[in-house]
Amino acid sequence: SSQLSGSHGPGFAKLNRREGAGGWSPLSSDRYQWLEVDLGGRTQITAVATQGRYGSSDWLTAYLLMFSDAGHNWKQYRREESIEAFPGNTNADSVVQHRLQHPVTARYVRLLPLDWSPNGRIGLRLEAYGCPHNSDVVSLDGRSSLLFRPRPTSGQSVSLTFKALRNSGTLLHAEGRSEHGLVLRLEKGKLLLLLRKGTTGFLRRVSLGSLLDDQHWHRVAVERHGTHLNLTVDQSTLWVQVPPGLFGLPVLILSLGNVTFSCAEPVFVAMTFASPQSFLRLPRVADASSSTGVSSVGLQFRTWNEAGLLLTFDLPKHEGAAWLYLSKAGLHLQIHKSGSALNDGQWHSVELISRRGRLSVSVDGADGATAHASPPFLITAGGPLFFGGCPADGSGRECTNPFEAFQGCMRLLTVHDQPVDLIPVQQRLLGNYSHLQIDMCGIIDRCSQSHCEHGGSCTQSWSSFHCNCSGTGYSGATCHSSIYEQSCEAYKHAGNTSGYYYIDVDGSGPIRPQRMFCNMTEDNTWMVIQHNNTELTRVRPPAPGGRSRHAAHFRYASEEEQLAAVVSQSEHCEQELTYHCRKSRLLNTPDGPLLSWWVGGPGAGRVQTHWAGAPPGSQQCSCGLQQNCLDLKHSCNCDADRNEWANDSGLLTHKETLPVRSLVLGDVQRPGSESAYRVGPLRCHGDKNVWNAAFFDQETSYLHFPTFHGELSADVSFLFKTTSSSGVFLENLGIKDFIRIELGSSSEVVFSFDVGNGPLEVRVAAGGPLSDGRWHRVRAERNVKEASLRLDELPAATREAPADGHIHLQLNSQLFIGGTASRQKGFRGCIRSLQLNGVTLDLEERARITPGVQAGCPGHCSSYGSLCQNRGRCLERPSSFACDCGPSASTGAFCDREVSASLTSGTSVSYTFWEPVDELNRSSSSTASSTHSDVNLRAENVSLSFRTSQSPAVLLFVGSHHREYLALLLNKHGEILTYIPDMLMFFKSYFEVLLFVQIDQNTKEDFNLTSDVEFSGVRSLVLGRLSRVAALGFTGCLSGVLFNSVSPLKAALLHPDTSPVVVTGPLVPSICGSTSANPYAAETTHHLSGRRKRFGCFFTIFRPVVNAMRSDSALIGGTAAAMFLTLTLFNVIILNHETKTSTLSDRPQRSLEPAPIRVLL
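Let me begin by describing the structure that accompanies this report.

Definitions and cut-offs
- Residues numbered from 1 in each chain as written.
- Predicted model: local features only at pLDDT ≥ 70, side-chain atom pairs only at ≥ 80, totals over all residues.
- Heavy atoms only, no water.
- Salt bridge = Lys/Arg side-chain N within 4 Å of Asp/Glu carboxyl O.
- Helix = DSSP H or I, 4+ residues; strand = E, 2+ residues; numbered from the N terminus.
- 1 Å grid on protein atoms, 1.4 Å probe; cavity = no way out; pocket = protein on both sides within 12 Å on 5 of 7 lines; lining within 4 Å.
- Points joined across faces, edges and corners; volume = space filled by probe spheres on them.
- Nonpolar A, V, L, I, M, F, W, Y, C, P; charged D, E, K, R; others polar.
- Pairing = 2+ DSSP bridges.
- Axes fitted to C-alpha atoms, helices over the stretch in contact; angles between N-to-C directions.
- Patch = residues over 30% accessible without salt bridge, like charges linked within 9 Å, V, L, I, M, F, W, Y side chains within 5 Å.
- Areas by Shrake-Rupley, 256 points an atom, 1.4 Å probe, with all protein chains shown as cover.

## A few points about the pattern of salt bridges
In step 1: In this structure the tally under the stated criterion is 25 salt bridges.
In step 2: Note that Glu127 is salt-bridged to Lys14, the shortest N-O span being 3.0 Å. With Glu127 in strand 6 (residues 125-132) and Lys14 in the segment before strand 1 (35-51), this residue pair connects regions lying 113 residues apart in the sequence.
In step 3: Note that Arg873 is salt-bridged to Asp884, the shortest N-O span being 2.8 Å. On the criterion of sequence distance, the pair formed by Arg873 in strand 64 (residues 873-877) and Asp884 in strand 65 (residues 880-884) is long-range, its members being eleven residues apart.

In structure tokens:
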């Protein structure tokens, strides 16, 4: 670019040379200087080395490398996708060499200083290393072609390098046998591979690469391997399936058109506007043919940004200014005018013309569009022209920019239809510029090798890219993290109930999420995968001359990869297999030929010779294993070949043989043969990943695993609980890179890493201590755009990655869990469900062979006990927990389903507490009933829900051995009456009685009553009809009935044989306390946001069925209105009262106005 003096010229800049001034130094030290080397011919360059100027304080600390074939149109070398700069020297004498990761073929090398010694100036000695590169060259003009037929070889491949002057055109057209064809074509700068089979047209179309029309050499290779091709463009390779016989291109024949064997190309000097501070200023040039000034300005540009200033100039006599700019990917002049989608990275031509009083703007010439200003007016430049932006220092009033600056490339500038030579501009002989890279276009396609995962769509600007994750099921800056849980077990322990859920079995891995049914009604949480025929299917006899066997094939709702993953990660899987038969044998005998078989297992499956209930390979059914078949000579009931119906049924439970993929039945063609089969859905429970845990009881203990590979995307998730205030959860080191997650303090988690840009940290502080012995969840992710850390349900903390920094995380040591290689700052506590990029590490397996670490970690109720509802108790399990619904009136996995029943007027449910015994015998008994402690309580708690159209009615009656009783009634007006004899009569009292009453969501009411006798010796509780009051009973539905810890409905419906309950009349299980009778009928798909709301200490799990009636309407009685109420009697403290007999009408009554909503009394 320049030299400080004759002795500082480039001739003295060879490595280790001491002549002259000992190296090259430019006239001024700034970033617009360069040193260029002509290698004399095309060379494959493999390395460069630099030194400072000998005997001085001048050296470079950072620089850029450019390469070119012809000394113009330079291309910048990048060490990584986002790394431009090479580190330089730290003194004047040492040599710093950099080997190029990808060798470059070029004749010219140009080095651009970026930074230099703070105590000196730019000083450089340089050496480039490589080998001469010789190759044959051919030039094609777009209408010419070259035909040849290569000799057949065993390994067929085609490779070439090309340099394109246009963004579209055919590179290669190949014809194979059977009219198969292959075409390589450029289209908008991308390479397209088109495959044709016969004359039916192109059946496959794939693309690779981008911006291939940049007038630089690009390598293309097509290699055939069996039935697929490897398509390679530069450093990117794509695998493509092809039909057989594609190649067979049977030595050069002839050339057609203007074919030359040299490579001459026009000179296009481009400019790169690399930053918002970039601009180019050209002086005003008067039109020689007119005194009106500028008549036209033209240029070509390419960019990814949808907005930016292309050109501005002041009007004469300061009458205003003109701006030509991009906005929303359209071209605008003052107002919105022609053009669209101009931010596609392609070259677009623009021309601004003012002629004969008419102003027009045209885009892309004849192929584009033209717009005219209305009304017509004349416009000329009254000052210099500014391209791309304005000077940042505002040094003149001649340029103002109300728009965004342009970032992209420009070339072919014209003024008055005359081209502008940019080389004098580069040499500072014409105009002025800043932050401009001349004679190169540095545009990068950041979406060509997209970092958007799982089908996320990529869009880009000049300096970054964005991933749209909508509809993918994933989230994050690169659509890396799944928004769904990995199993039904995980959904259950997040507080969800049975329903359809999207399951992503491998988290952030490649397997797509799919919708499955989760059955959480039992202790085990079942994942149910349906197939195309789960019903009992009758086998029709084959038609005469037809197949002698019946074959059935089963297609599952889940994809193959997901099926395999579900079976693998589940603790148990099963599938029902049933065969009903009448004179239709199944397996015949173990020694004879198999009549029937089934295929099961991963992939295509394997033939299985056993039936349900028997081990694989046994050629038996379950009755043969148990030796109780109908005919002991055979191993299956159906093999007895009897004329009566029989069956062989059971469950297939060996995971390696599941799922069932097809079934072949062989004895179905004989006269009189009848049969039917059923293959149930695949059911699996137990997620081995969720509860896989290890306990670290020493700070020096740890587990180690192979190196974690997460070069571009890495996510880590786990749960922990501890009583310590600090410790390292995870660490993996490289030579310089590392990744670490630790408990920084008792209330903060820290995620730190280094990918070569220096250590970065992301921190999340909790609102309280994390050393509370409860489970806490950590999710950390690092990708090329950002790093994020989330703790429990707190908002995620994020930190953006440097725009032009290293992006590859390079680790090489072992992965340490619970500690570090130095055995310092180790973690004490439990780590559970540790997953890295969707893969679960088996902590328990490694802990069993590691001193200081224990497999498993109990104590889950401290974190999950609140999921047990309605008085359910949390029970610890070795790996998980369960809800004990014994004290509750509900059932289900979380005690969340009230037990309900329909009663008629003749129905009576009587629960007996205990019979009176001799006090001496009772006190001496060591096996006193556990119910004895419940009959002399200081308080009675009663709750129930009901729906009825009857009044009056008895809801509940509790009687004692002392002829005392308590009743809940409905009077003839449909009013709820709490009936406690004598407490409503004001006799002499010695103790205060307090009654709390609440109906639905109404305000709780308090009643102060008096009594002088203890309510003791509770004998029985009756629901429905009372024998002593024949006219009263209850018709309707009762649900969730609970008296202290006794649930009479639950005992009558679920445990009738082991409970002291007597049922008279019809008692039918009902769903009046639930929203759905059949969990499979709930077609709603639950997402992570579908959590149940919590009110106080109860989960609201359903809403009552309510009639929209006015409050003054009759709720119960003459109308047949149905009403759903819940009543709870809190703390009825009853001491020392006497029982008096009286009729219902004699009693004073307190009327409670019920409302048609949920009731608590």
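## Focus: empty space enclosed by the protein
In step 1: As a volume, the largest cavity reaches approximately 60 Å³.
In step 2: Along the walls of the largest cavity sit Ser487, Cys488, Glu489, Thr525, Met527, Gln569, Ser570, Cys684, His685, Gly686 and Asp687, which together make up its complete lining.
In step 3: Those elements giving two or more residues to the lining of the largest cavity turn out to be helix 2 (488-492) and strand 49 (682-687).
In step 4: Broken down by element, the lining of the largest cavity gets its largest block of residues, four residues, from strand 49.
In step 5: Tallied by class, the residues present in the lining of the largest cavity amount to three nonpolar, six polar and two charged.

## What about the sheet that holds strand 15 (residues 228-233)?
In step 1: With respect to topology, four strands assemble into an open sheet ordered 9-14-15-16, the strand pairing being antiparallel. Each end of this open sheet is capped by a strand with a single partner; those strands are strand 9 (157-162) and strand 16 (236-241). Strand-to-strand twist across the sheet, computed as the mean angle between neighbouring axes with direction ignored, equals 15°.
In step 2: In terms of strand pairing, strand 14 (residues 218-225) meets strand 15 through six bridges, oriented antiparallel. Residue pairing in the sheet places Val220 in a bridge with Val233 of strand 15.

## A few points about a nonpolar patch on the surface
In step 1: On the surface, a cluster of nonpolar side chains totalling about 480 Å² of accessible area is made up of Val138, Leu140, Leu146, Phe148 and Phe261.
In step 2: You can see Phe261 is positioned in the loop between strand 18 (259-260) and strand 19 (271-273).

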